Amino acid sequence: MAARLAGPGISPERSAALGLPDGALAAVPPEQVTAAVRRAFQLAPPALVLLPWQRDPHPDHRAAWEPVRAAWNTPVLGYSVWLTGRGAAADWPVAAEAQVLTFDVTPHRRTKAAAIAAHRSQLGLIQDDPSGFTLSAEMVDRALTGPELYFRPYGQSVD
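Residues numbered from 1 in each chain as written. Predicted model: local features only at pLDDT ≥ 70, side-chain atom pairs only at ≥ 80, totals over all residues. Heavy atoms only, no water.

A.B. asks: Would you mind going over the pattern of salt bridges with me for this structure?
C.D. replies: Opposite charge on two side chains permits pairing when their charged atoms draw close. Under the counting rule described, the total for this entry stands at three salt bridges. Linking R55 and E97 is a salt bridge whose minimum nitrogen-to-oxygen distance equals 2.7 Å. With a gap of 42 residues between them, R55 in the loop between β1 (49-52) and α2 (59-71) and E97 in the loop between α3 (83-86) and β3 (98-103) connect regions that are remote in the sequence. Here R62 and D91 are joined by a salt bridge, their closest N and O atoms 2.8 Å apart. A residue pair is termed long-range when its members are at least 10 positions apart, and R62 in helix α2 and D91 in the loop between α3 and β3 qualify at 29 residues. Classification of D91 by relative accessible area gives buried; the value is 11%. (Salt bridge = Lys/Arg side-chain N within 4 Å of Asp/Glu carboxyl O. Helix = DSSP H or I, 4+ residues; strand = E, 2+ residues; numbered from the N terminus. Buried < 20%, exposed > 50% of the residue type's maximum accessible area, 1.4 Å probe, protein only.)

Shown next as structure tokens:
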């Protein structure tokens, strides 16, 4: 059984830690990632899956896209994490690939700030990987002021 997590507004029943390696997801066979995600989704079936865009510049984000999409027949929205600050032009979706959606985060700023603060490793507060990905003050500000970007791959509907 996967460990249960909870975040702002998320019940423990709707989240699970999969026990996959942080920073080394690409070394895990994709079928293993798909199986772990599928088990979690069976416990809490999603109507929509949100995950980092397939070419977001973080190696775990890139490695997650296909295995997570293969785990469940549910619409997917990709979102930008490192794309805006570190992405190359080729990392962004092209017009024929996905529709760009924007979301005004202003009404949710307090909740987003609490969620960001809960991810200590992303804020550079865990020193085991000083060259790892950490959120800069600019990235935190962008996350809190928005707009947030989502990418809806063509060929699926999201209601």
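What follows picks up the thread again.
A.B. asks: Help me understand the packing of helix α1 (residues 30-43) against α2, please; the structure alone is not making it clear to me.
C.D. replies: The geometry of a pair of packed helices is captured by two quantities: the angle between their axes and the separation between those axes. Where α1 contacts α2, the axes come no closer than 8 Å and their chain directions differ by 45°. Looking at the two axes, α1 sits oblique to α2. Considering how the two elements wind past one another, α1 and α2 form a crossing that is right-handed. In this structure, α1 contributes P30, V33, T34, V37, R38 and F41 to the contact, and α2 contributes P67, V68, A70 and A71. Here the contact of α1 with α2 is composed, by residue class, of eight nonpolar, one polar and one charged. (Axes fitted to C-alpha atoms, helices over the stretch in contact; angles between N-to-C directions. Parallel < 35°, antiparallel > 145°, perpendicular 65-115°, else oblique. Left-handed = near helix turned anticlockwise from the far one by under 90°. Contact = heavy atoms within 4.5 Å. Nonpolar A, V, L, I, M, F, W, Y, C, P; charged D, E, K, R; others polar.)

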